[in-house]
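What follows is the residue order along each chain.
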Amino acid sequence: MRTKTFKLAALVTSAALLLGGCAAPAADPAATDPATDSAAKGEIVIWHMEGVPNRVAAFDALAAEYNATNPDFTVRFETQQWDEIYPKIAGTAQAGNQPDILFAIPDFATYVRSLGLGQPVTDVVEGIDASQGLLDASKVAYQDGGEYWAVPLYGMVQLLWYNKVMFETAGLEAPKTYSELLATAKALTKDGVSGIALPAGKNLATDQVLYSLMITGGAANFFDESEGIALDSPETVKAFSLYNDLLEYSPKDSANYAWGEPQAALNSGAAAMAIEKGQYLTPWAAESGLDPSQLGCAPIPVADNGGQSGSIYYSNGAMVLAEDDDRRAGAGAFLTWLMQPDNYGDFLNAEPGLFLPVTTGGADLEQWRQNEVLSQYPECVDLLLKQSETGALFGFVDGQYVEKIGLISGQNIFAQAIQQMYVNGMPPAEASIWAQEQMKAAIE
Amino acid sequence: MTTFSTKRTSHIGNLIVWTKKLPNFVSQLVVTIVVFAPIYWIVMSSFKGPEEIIRSEPTFWPETWTFGNFERLFTSTKYLVFLGNSLFLSISTAVVTVLISLGAAYGLYRIRVPGSGRIAGVILLAYMIPGTLLIVPLHQTLSGLGLIDSLTALLLLNVAFTAPFSTWLLRGFILSIPSDLDDAAAIDGAGPVRTMFEIVLPLLRPGMATVAVYSFVFSWTEFVFASQFVSRQELQTLPIGLSAIIGQYNVDWGLVLAGVVFTMLPAVFVFLLVGRFFIGGLIAGATK
């Protein structure tokens, strides 16, 4: 019996080795296409952190389309993980084998630059700006020392999402102010339903929702003129306090929530509201079983006194890390091609609603507007675009460029402060000072 | 009267036996539920539609069975590529680890090469270094060797981390085989190599199976190195591929659940095949 088992194991092992051996050297079809290889000088490798299958498929399709135009350099996308990219890019910087193009967000871009990577792309940005018109908000966060360090590709902004059926049943309207938001969350918390689902885990999702409330509370800029951190302002404390109060009406396991859980709570009817970006559009109908018209969207509520409309907003950009002049030119050629109206709509449709246009004409691109998801939510799409106009990102408010912001955002200090309040019962005023000290320590 | 008394005594005896067994039974039942409940949940949910998966009042059995999640797993992701890479890497790691650790353990604990005590200490010390601390220097080394973005790099790294522990694991098995057997073989004219292959190795099969399963599972679940040193999707392993499905900003729960089911299956199959050796081997290695 044992002999038979061993023989079977050996057989399976051999088969798997054979199977694995056959599978392992599988080559990228884009890299071996003879039609493109014959003309190309080389290959531009692009790293992005959009690993969701539909985004990967859309990017790969665009690469194949571009490569079919017989460019000087063909392109190939490679998927990375946000959780792993910080040490990975540091390792590649040391070894000198970085990719030619790296997708980034403004705070991550400062970290990449601190590693000695990144080339100015001012000529590419200005070229795209001249032909397509780039939104100021999308490019300003990548400008430093008179140069642009990334080409803006797509924007992201948050809204307040809500279940219209629950609101209508309770006779409520979308809240416009901090106090209305809290009162609405309280009123809707009953019969096992939470008024709102908020993330409170140590992650970027929590950072971003808190920061949206800080913006609408008048605390968008928490750096003083000498880039010192001042998080103990009354506006910041008020935003911290609101978040802490709202968590009372959020599901009990919110301390473990990141991106997916609040969305699942809203779509399942376990929560009535959530604050997030436009990725809420695509799965709403399938997951909630409700009509698209029953997904409500509203601007982020503002502070009762002195509040201002807004939300966290940032453009995802492409940094050019290639140091060779030819490769830099090849990278610029691809990014310019990508932003052309014929291609840009397909690019934005990689994640409808989450990827927002950063060009002035992008909002009217038929390819994008007629997307089967977006066309069902025209009002919310318009609101996402409108909210983008007043959005901001910490470290880049009103033309700021805080070089060390990457060290702060990488540690999720805002989220840690939320956990201090939610898990350890720290008062909001103390939590804001605690976060301030943590941020100071991070950049010193 | 006698029969009644005997029956009564028998019933009381059974009752005492059952009472003694009850805590064992209850604790085993609890452990089984704790272990299998999440697996049951994952498997059942993978057959549910998107609305039913996230429903706030969960269903224990799918209301409507669907294979849509699995269909999407195979059509919208490169699951089969990830699976092929993981199988290749895990089996290769298991085979190479068994060969290397067997040779090392035999030399250190059977032949007792000069300085074997210190060498054994150094080997175990290597096992204790956290892999994440080595990412940057490893990047430079692998880059210099031209091994970045290759399964060979992952194989080398996996073996580097499984071989030290496996060598130590085999110590107990080797020490449990009486050295008199070597002497007897020598008297019969067998040299050291023949003694190793024909006398000792057959007795080490449980130990080898233990090492094989351990290194297979290590490689099957390894994430850090696979994410750091491989970038091409065609070379990614299952943990990396699955992690990408979860993604930033949103989660496709159905796809994730289907992916988890098909990631568990091969490992469960391997464990069913040689699991008894693994458990028996761990116990034997720990006590001898």
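Sequence positions are assigned chain by chain, starting from 1 and proceeding in written order. Whichever chain is written first is A, and whichever ligand is written first is 1; the rest continue in order. In view of the model being predicted, local features appear only for residues whose pLDDT reaches at least 70, and side-chain atom pairs are presented and counted only at 80 or more, with totals across whole chains, interfaces and linings using the full set of residues.

## Examining the overall build of chain B
To be explicit about the condition: Helix and strand assignments follow DSSP, with helices taken as H or I runs no shorter than four residues and strands as E runs no shorter than two, numbered in order from the N terminus. Radius of gyration: over C-alpha atoms. The globule rule applied is 2.2 Å multiplied by the number of residues raised to the 0.38 power.
Looking only at helices and strands, one finds 13 helices and 0 strands in chain B. The order of α-helices and β-strands along chain B, N terminus first, is α-α-α-α-α-α-α-α-α-α-α-α-α. Taken over C-alpha atoms, the radius of gyration comes to 25 Å for chain B, far larger than the 19 Å a tight globule of 288 residues would show. Projected onto the principal axes, the alpha-carbon positions of chain B cover approximately 80 × 70 × 30 Å.

## Description of the sheet that holds strand β6 (residues 151-157) of chain A
Residue and element names in this part refer to chain A. Operational definition: Following DSSP output, two strands are said to pair if at least two bridges run between them. Here an axis means a line fitted to C-alpha atoms, over the contact stretch when the element is a helix, while the angle between two N-to-C directions is reported on a 0 to 180 degree scale.
Strand order in the open sheet made by the 5 strands is β2-β1-β3-β10-β6, with mixed pairing throughout. Of all strands in the sheet, those bounded by a partner on one side alone are β2 (73-79) and β6. This sheet shows a mean twist of 20° between the axes of neighbouring strands, independent of strand direction. Pairing geometry for strand β1 (residues 42-48) and strand β3 (residues 101-104), over 2 bridges, is parallel. Considered in β3, the bridge of I46 is made with I101.

## Details of the packing of helix α4 (residues 79-111) of chain B against helix α7 (residues 151-176) of chain B
All names here are of chain B. Here is the rule we go by: In what follows, roughly perpendicular refers to angles from 65 to 115 degrees, roughly parallel to angles under 35, roughly antiparallel to angles over 145, and oblique to any angle outside these ranges. Left-handed describes a crossing whose near helix is turned anticlockwise from the far helix by less than a right angle; the clockwise case is right-handed. Each residue is assigned to one class: nonpolar for Ala, Val, Leu, Ile, Met, Phe, Trp, Tyr, Cys and Pro, charged for Asp, Glu, Lys and Arg, and polar for all the others, Gly among them.
For the pair α4 and α7, interaxial distance at closest approach is 6 Å and the crossing angle is 40°. Classified by the angle between their axes, α4 and α7 sit oblique to one another. Considering only the axes of α4 and α7, their crossing is right-handed. Here the contact of α4 with α7 is composed, by residue class, of 17 nonpolar, 9 polar and 2 charged.

## Considering the domain arrangement of chain A
All names here are of chain A. This is how the line gets drawn: Domain boundaries shown here were taken from an automatic or database domain assignment. With C-beta atoms placed from the backbone, a contact is any residue pair whose C-beta atoms sit within 7 Å.
Partitioning chain A into domains gives domain 1 (38-156 + 313-382) and domain 2 (157-312 + 391-443). Contact with domain 1, which involves 26 residues of that partner, is made by 23 residues of domain 2. Of all the elements in the fold, those that place two or more residues in the side of domain 1 that touches domain 2 are α6 (106-114), β4 (143-144), β6 and β10 (313-320). If you tally residues by element for the side of domain 1 that touches domain 2, the top one is α6, at 6 residues. In terms of residue class, the side of domain 1 that touches domain 2 is built from 17 nonpolar, 6 polar and 3 charged.

## Brief notes about the domain arrangement of chain B
Each assigned domain of chain B is listed with its residue range as follows: domain 1 (2-45) and domain 2 (71-287). One C-alpha centre belongs to domain 1 of chain B, the other to domain 2 of chain B, and the line joining them spans 38 Å.

## Structural notes on the environment of B:I119
All names here are of chain B. In plain terms, the rule: Backbone-placed C-beta atoms define the burial measure: a residue is buried with 20 or more other C-beta atoms within 10 Å of its own, exposed with 12 or fewer, and partly exposed in between.
Tracing the chain through its elements places I119 in helix α5 (residues 116-127). Note on I119: 15 C-beta atoms within 10 Å, which makes it partly exposed. As a C-alpha pair, I119 and L108 span 11 residues in sequence and 7.8 Å in three-dimensional space.

## Here we look at the sheet that holds strand β7 (residues 159-163) of chain A
Across a sheet, paired strands are connected by hydrogen bonds in the backbone, their directions being either parallel or antiparallel. Residues and elements named next belong to chain A. The strand order β8-β7-β9 describes an open sheet built from 3 strands, whose pairing is antiparallel. With partners counted over all chains shown, the strands left at the sheet margins are β8 (273-276) and β9 (295-298), one partner each. Adjacent strand axes in the sheet meet at a mean angle of 25°, parallel and antiparallel pairs treated alike. Where β7 meets β9, 4 bridges bridge the pair, whose relative direction is antiparallel. Bridge pairing in β9 links L160 to A298.

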